[in-house]
Protein chains: 2
Amino acid sequence: MAAERSGGGDPARTLALLWRDPPEPKPVGRKPKVSVDQIVNAAITVADREGLGAMSMARVAQELGVGTMSLYTHVPGKAELIDLMTDTVLQERELTPEGTWRERVKHYADRTRAVYQAHPWMRDVSMVRPPLGPGLMDGQEFLLAALADSGLEPRHVTVAHVAVEGFVHGAAASEVDDQQLAAATGESGDSWWGARQVFWDDYFDVERYPTMTTLWNAGAYEVGDSLADHVHSSFDYGLDKLLDGIEGGMR
Amino acid sequence: MAAERSGGGDPARTLALLWRDPPEPKPVGRKPKVSVDQIVNAAITVADREGLGAMSMARVAQELGVGTMSLYTHVPGKAELIDLMTDTVLQERELTPEGTWRERVKHYADRTRAVYQAHPWMRDVSMVRPPLGPGLMDGQEFLLAALADSGLEPRHVTVAHVAVEGFVHGAAASEVDDQQLAAATGESGDSWWGARQVFWDDYFDVERYPTMTTLWNAGAYEVGDSLADHVHSSFDYGLDKLLDGIEGGMR
DNA sequence: ATTGTTTCCGTATGACCTACGGAAATGGGG
DNA sequence: CCCCATTTCCGTAGGTCATACGGAAACAAT
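Predicted model, so just to flag it, every value in this text is computed and none were measured.

What counts, and where the lines are drawn
- Residues numbered from 1 in each chain as written.
- Chains lettered and ligands numbered in written order.
- Predicted model: local features only at pLDDT ≥ 70, side-chain atom pairs only at ≥ 80, totals over all residues.
- Heavy atoms only, no water.
- Near = heavy atom within 4 Å.
- Polar contact = N/O pair within 3.5 Å; in protein donor to acceptor, adjacent residues only side chain to side chain.
- Helix = DSSP H or I, 4+ residues; strand = E, 2+ residues; numbered from the N terminus.
- Nonpolar A, V, L, I, M, F, W, Y, C, P; charged D, E, K, R; others polar.
- Contact = heavy atoms within 4.5 Å.
- Phe/Tyr/Trp six-rings, centres within 6.5 Å; stacked < 30°, edge-to-face > 60°.
- Buried < 20%, exposed > 50% of the residue type's maximum accessible area, 1.4 Å probe, protein only.
- Axes fitted to C-alpha atoms, helices over the stretch in contact; angles between N-to-C directions.
- Left-handed = near helix turned anticlockwise from the far one by under 90°.
- Salt bridge = Lys/Arg side-chain N within 4 Å of Asp/Glu carboxyl O.
- Core = buried A, V, L, I, M, F, W, Y, C linked by side-chain atoms within 4.5 Å.
- Parallel < 35°, antiparallel > 145°, perpendicular 65-115°, else oblique.

**Quick notes on the protein's contact with DNA strand D**
What surrounds DNA strand D is a group of 27 residues, the closest being Lys33(B), Gly67(B), Met69(B), Ser70(B) and His74(B). Counting only the atoms of DNA strand D within 4 Å of the protein, the fraction contributed by sugar and phosphate is 70%. Between DNA strand D and Tyr72(A), the relevant distance is 3.0 Å, taken from a phosphate oxygen to a side-chain nitrogen or oxygen of the residue. Contact between DNA strand D and Gly67(B): a phosphate oxygen at 2.8 Å from a main-chain N or O atom of the residue. At the level of elements, α3 (57-64) of chain A together with α4 (71-74) of chain B are the ones that each hand at least two residues to the surface near DNA strand D. Grouping the amino acids of the surface near DNA strand D by side-chain chemistry returns 11 nonpolar, nine polar and seven charged.

Structure (structure tokens):
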């Protein structure tokens, strides 16, 4: 299915929820059995355990011991709930502004990666029209501040920001995809590749793919560590080179 | 919903389909009304027009003028159909090996971006456990060959490959997300941001976000071109810097 | 106790994927 | 020409999901 994203609901309502703008006290009427925070936390719990696909309104309601439709009193719909989940986990980053601008960018990348690791369903959330809540905004401010301290001109800061943010989220998403699939299908990444051994036996053509063959023979794929570690260090390398390039471009 | 990906079906069956391994001639029996190619093309047409979310088995069957269940004779299920769609559009890249290694990497990025532009639903397809078909494999070979020609050691080629591939797919996906949303919701990116004007009025805090405020006042966001163009040039910049870094790391 | 307000939630609708099993088409053997 | 094994087609049905609707239930003020 398509990636989850904000519905076309009322933006003002969604923003009020994101910033926990209390909708004005209600002195009369039945007491709420659940709160927005409880719903969001329950949804995160379910998604962490069973993936975003399993995070249905019915499943979240069950988790809380209420009827499905009760949720709609507090949250406009599923799309908005995902926005709330997203901004909530982004807040877990707790970014501390220490060290050089490079160290802070890497800190940002590490913390963001940690969020994806803890909440693999983040891979399925589009970050192009993100929920404009405190979790996202604080992160943007942190990353922009780091890049601005690098000495880049203001106009280049915004450009570099898009590139770095794209790299970080893309890398974190890629890295975590593997685990998410493992959780959803009960099949690990290694076993997935193992099951596709047939490919190398039946379809791989040495003449069609000379470079891959050469690299294989040169032992380039004989990494001692696991697939996940290899991907991880590749993205560390990539971010490093990206920052090298940005730094070098100023001189 | 969660990103689409391969189901747990028989890998050998899926690989045979990807490489169009004919399942042996069937001299007897009813003549097929549709072929695998027709199904894949119809599915791509539907997804291009209405998004991956609208690409239901029923919708594809309707497009072909056959019953829904007929598709299951030729294709194991929806997940495998998406694998076939993905590899098919990746084949459209037609990568031509000309120029320096850098030019070839940028060529790869451009062609891949073009695929995402033409088929925005690609954003919703996970590329971590990709369909091992000719479209994907030819691309990997091309990119690996370019990086190998750069003079990197074999072991670094594979590391750089993951980083560049991640960046390219991530960038292409980000860039296209906007259009896909516009198509799905009938709301353009600009109008989406416009509707969230409330955010700047009601929730943006100048003291909490000093860097953003400074950058705004410095005119860093006053780009003449559209949002899409800004994102596009940001990723060009990012890839350039990434390659600068890779190149510089060799010396 | 009545009334206004708010929350809770059972039911129903419509969309989706796909298992099942029978109907329909096809070509070869008698 | 008829029969029948083989293959494809597809109607039906069961399971899942989001969510619109409307009434029941809880609560505070009167």
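**Details of the environment of Thr88(A)**
All names here are of chain A. Of note, Thr-88 is situated in helix α5 (residues 78-90). Contacts of Thr-88, omitting those with residues within four sequence positions, involve Arg-20, Val-40 and Ile-44. Among the polar contacts made by the side chain of Thr-88, one reaches the main-chain carbonyl oxygen of Leu-84 at a distance of 2.6 Å.

**Some points on the packing of aromatic side chains**
All names here are of chain A. Scanning all chains against the criterion turns up 17 aromatic pairs over all chains. Look at Tyr-108 and Phe-142: their rings are 6.5 Å apart centre to centre, the planes differ by 15°, and that puts the pair in the stacked class. Of this pair, Tyr-108 sits in helix α6 (residues 101-118) while Phe-142 sits in helix α7 (residues 134-148); the two residues are 34 residues apart in sequence, bridging distant segments of the chain. The class for Tyr-108 is buried, based on a relative accessible area of 1%.

**Focus on the packing of helix α1 (residues 11-18) of chain A against α5(A)**
All names here are of chain A. Contact geometry of α1 with α5 gives a least axis separation of 10 Å together with a crossing angle of 35°. Between α1 and α5 lies a crossing of right-handed hand. Contacts between α1 and α5 involve Thr-14, Leu-17 and Leu-18 from the first element and Glu-80, Asp-83, Leu-84 and Asp-87 from the second. A per-class count over the contact of α1 with α5 returns three nonpolar, one polar and three charged.

**Observations regarding the pattern of salt bridges**
Residues and elements named next belong to chain B. Applying the stated criterion to the full structure yields 32 salt bridges over all chains. Across the salt bridge formed by Arg-102 and Asp-240, the nearest N and O atoms sit 3.6 Å from each other. Highlighted residues: Arg-102 in helix α6 (residues 101-118) and Asp-240 in helix α12 (residues 227-248), separated in sequence by 138 residues. The shortest N-O distance in the salt bridge between Lys-106 and Asp-240 comes to 3.1 Å. Of this pair, Lys-106 sits in helix α6 while Asp-240 sits in helix α12, and the two are 134 residues apart along the sequence. Residue Asp-240 is classed as partly exposed on the basis of its relative accessible area, which comes to 27%.

**Observations regarding the protein's contact with DNA strand C**
Taken together, 25 residues form the shell around DNA strand C, and within it Lys33(A), Gly67(A), Met69(A), His74(A) and Lys31(B) come nearest. The sugar-phosphate backbone supplies 72% of the atoms of DNA strand C found within 4 Å of the protein. The contact in question runs from a phosphate oxygen of DNA strand C to an N or O atom on the side chain of His74(A), over 2.7 Å. Between Lys31(B) and DNA strand C, the recorded distance is 2.9 Å, taken from a side-chain N or O atom to a phosphate oxygen. When contributions to the surface near DNA strand C are tallied by element, the ones reaching two or more residues are α4 (71-74) of chain A together with α3 (57-64) of chain B.

**Considering unusual backbone geometry**
As a rule of thumb, non-glycine residues mostly have phi less than zero, and peptide bonds are mostly trans rather than cis. Phi at Arg20(A) is positive, roughly 50°, even though this residue is not glycine. By the element assignment, Arg20(A) lies in the loop between α1 and α2 (36-50). Backbone geometry at Glu94(B) places phi at a positive 45°, although glycine is not the residue there. Secondary-structure assignment places Glu94(B) in the loop between α5 (78-90) and α6.

**Quick word on the nonpolar core**
Residues Met55(A), Met85(A), Met55(B) and Met85(B) are the most contacted members of the largest nonpolar core, which totals 142 residues. In this structure, Met85(B) is in contact with Val40(B), Ala43(B), Ile44(B), Ala47(B), Leu52(B), Met55(B) and Trp121(B), ignoring residues within four places of it in sequence.

**Things to note about the side chain of Gln140(B)**
Residues and elements named next belong to chain B. Summarising the element assignment, Gln-140 is placed in helix α7 (residues 134-148). Classification of Gln-140 by relative accessible area gives buried; the value is 16%. Beyond its immediate stretch of four places on either side in the chain, Gln-140 contacts His-161 and Glu-165.

**Regarding the packing of helix α12 (residues 227-248) of chain A against α12(B)**
Closest axis-to-axis distance for the α12(A)/α12(B) pair is 7 Å, and the angle between their directions is 100°. Judged on the interaxial angle alone, α12(B) and α12(A) are roughly perpendicular. Counting all contacts with α12(A), which are made through Tyr237(A), Gly238(A), Lys241(A), Leu242(A), Asp244(A), Gly245(A) and Ile246(A), the residues of α12(B) involved are Tyr237(B), Gly238(B), Lys241(B), Leu242(B), Asp244(B), Gly245(B) and Ile246(B). Classifying every residue of the contact of α12(A) with α12(B) by side-chain character gives six nonpolar, four polar and four charged.

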